[in-house]
Amino acid sequence: MDARERDERELGRLRDDFGGWRIWRAVKRDGRLGEWVASLHDPRAGVEPTLMFPSAPLLRQALLRQAEEAQVRKL
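What comes next is a walk through the structure. For clarity, every value in this text was computed on a predicted model and none was experimentally measured. (Residues numbered from 1 in each chain as written. Predicted model: local features only at pLDDT ≥ 70, side-chain atom pairs only at ≥ 80, totals over all residues. Heavy atoms only, no water.)

### What to know about the overall build of the protein chain
Piece 1. Of the regular secondary structure elements, the protein chain holds two helices and three strands.
Piece 2. Mapped in sequence order, the helices and strands of the protein chain form the string α-β-β-β-α.
Piece 3. For the protein chain, the spread of C-alpha atoms along the three principal axes comes to 45 × 25 × 15 Å.
Piece 4. In the protein chain, which comprises 75 residues, the share counted as buried stands at 32%.
Piece 5. Nonlocal contacts in the protein chain, meaning residues at least 24 apart in sequence, comprise 31% of its contacts between residues at least 6 apart.
Piece 6. Counting every atom, the protein chain has about 5200 Å² of accessible surface; 51% of that belongs to carbon and sulfur.
Piece 7. Across the protein chain, the centroid of the 15 positively charged side chains sits 2 Å from that of the 13 negatively charged ones. (Helix = DSSP H or I, 4+ residues; strand = E, 2+ residues; numbered from the N terminus. Buried < 20%, exposed > 50% of the residue type's maximum accessible area, 1.4 Å probe, protein only. Contact = heavy atoms within 4.5 Å. Areas by Shrake-Rupley, 256 points an atom, 1.4 Å probe, with all protein chains shown as cover. Lys, Arg positive; Asp, Glu negative; His and termini not counted. Charge placed at Lys NZ, Arg CZ, Asp CG, Glu CD.)

Set out below in structure tokens:
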């Protein structure tokens, strides 16, 4: 499996796990893939409007924190 295929699988997993967010890879000026980005579409899923991280694991951690913060806010 090449890097692009791994990235696509990870994007799919992130999208499945965090349905309240629109998740994609940014594209750099030179056409290479850049940051992992999540845009909040459901206020029950998080509190920050946009998240950007250099790796999928870092974005996943941030999305988990956002879910926790959204839960606290609901209480």
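### Points about the side chain of Arg 25
Piece 1. For Arg 25, the location among the structural elements is in strand β1 (residues 21-27).
Piece 2. Here Asp 7 takes part through its side chain, which lies 2.6 Å from a polar atom of the side chain of Arg 25.
Piece 3. Setting aside anything within four residues of it in sequence, one finds Arg 25 in contact with Asp 7, Leu 11, Leu 33, Gly 34, Glu 35 and Trp 36. (Polar contact = N/O pair within 3.5 Å; in protein donor to acceptor, adjacent residues only side chain to side chain.)

### Brief notes about the side chain of Gln 66
Piece 1. For Gln 66, the location among the structural elements is in helix α2 (residues 56-74).
Piece 2. Given a relative accessible area of 5%, Gln 66 falls into the buried group.
Piece 3. Within the structure, Gln 66 has its side chain in polar contact with the backbone nitrogen of Val 47 (distance 2.7 Å).

### Topic: the packing of aromatic side chains
Piece 1. Considering all chains together, one arrives at zero aromatic pairs under this definition.
Piece 2. The side chain of Arg 22 reaches across the aromatic face of Trp 24, ending 4.5 Å from its centre. (Phe/Tyr/Trp six-rings, centres within 6.5 Å; stacked < 30°, edge-to-face > 60°. Lys NZ or Arg CZ within 6 Å of the ring centre and 35° of its normal.)

### Focus: the pairing of β1
Piece 1. Pairing between β1 and strand β2 (residues 33-40): six bridges, direction antiparallel. Each bridged residue has a counterpart across the sheet, and for Val 27 the counterpart in β2 is Leu 33.
Piece 2. Joining the antiparallel neighbours β1 and β2 is a turn of five residues, in which Gly 31 adopts a positive phi near 95°. (Pairing = 2+ DSSP bridges.)

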